[in-house]
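Survey of secondary and tertiary structure
Here's the letter readout for the chains.
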Amino acid sequence: MDRRPNFVYPALLDSGGNTKMARTTSIQATISSLTEAFARQLASVVEQAAAARIQSAILEGLGSGRGPGRPRKDGIVGLGLPVARKKAPKQLCPVPGCKNAAAPVFGMVCAKHKDVPKAKIKKYREDRRAAKAKKAA
Ligand SMILES: [Zn+2]
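First things first, this report covers the structure right here in the doc. Per-chain numbering applies: the sequence of each chain, read as written, is numbered from 1 onward. Local features in a predicted model are, by the rule used here, given only for residues with pLDDT of at least 70; side-chain atom pairs are given and counted only at 80 or more, and totals for whole chains, interfaces and linings are based on all residues.

Helix and strand definitions here come from DSSP, where helices need a minimum of 4 consecutive H or I residues and strands a minimum of 2 consecutive E residues; each element is numbered from the N-terminal end. Of the regular secondary structure elements, the protein chain holds five helices and zero strands. Its helices and strands in sequence order give the protein chain the pattern α-α-α-α-α, from N to C terminus. Contacts in the protein chain between residues at least 24 apart in sequence constitute 11% of all its contacts with a sequence separation of at least 6. Contact definition: two residues whose C-beta atoms, as placed from backbone geometry, lie within 7 Å.

Okay, unusual backbone geometry next. In this structure, M108 is a non-glycine residue whose phi angle is positive, near 60°. By the element assignment, M108 lies in the loop between helix 4 (69–87) and helix 5 (118–136). Here M108 falls in the partly exposed class, since 15 other C-beta atoms lie within 10 Å of it. For the exposure call, what matters is how many other C-beta atoms sit within 10 Å of a residue's own: 20 or more marks it buried, 12 or fewer exposed, and in between partly exposed, using C-beta atoms placed from the backbone.

Turning our attention to helix 5. Look at helix 5: 27 Å from first C-alpha to last across 19 residues, which is about the 27 Å you get at 1.5 Å a residue. Burial analysis of helix 5 places just one of its 19 residues in the buried class, a small minority of the element. An expected span of 1.5 Å times one less than the residue number is assigned to each helix.

Positionally, A102 belongs in the loop between helix 4 and helix 5. Put simply, A102 and K114 are 12 residues apart on the chain and 9.3 Å apart in space, counted from C-alpha to C-alpha. If near-sequence neighbours (up to four positions away) are discounted, A102 is found in contact with Q91, L92, C93, M108, V109 and C110.

What is shown is where atoms sit, not what they do.
See the structure below:
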């Protein structure tokens, strides 16, 4: 019983003279040293985690063209597809009989009919709209 406080803080026992007080002080010292150790450990853990995060962020940024960039690309594709579908529903080429998908780069006609004059495309589109309206009515 007497050994422990002596072992922890022998100087406090000598200077105080009062054993009770010395013991209380040594316990407090032990607690505070434990707390300090814990705090120091916690700080180092947090520091390490932050360092690891920063390091991985840097590595990710540096290696975006290589291997580490792949999961990010997949994430963008996974996220981008539904958004793109919602934003621009698949539109078909307005040329009659053509079942190809229209692309914005060709002026909303398919690759095959990208050379068709705009006036013609416009007429096709109007015809299609009229046909749709007739169907709906
Ligand atoms: Zn077409």
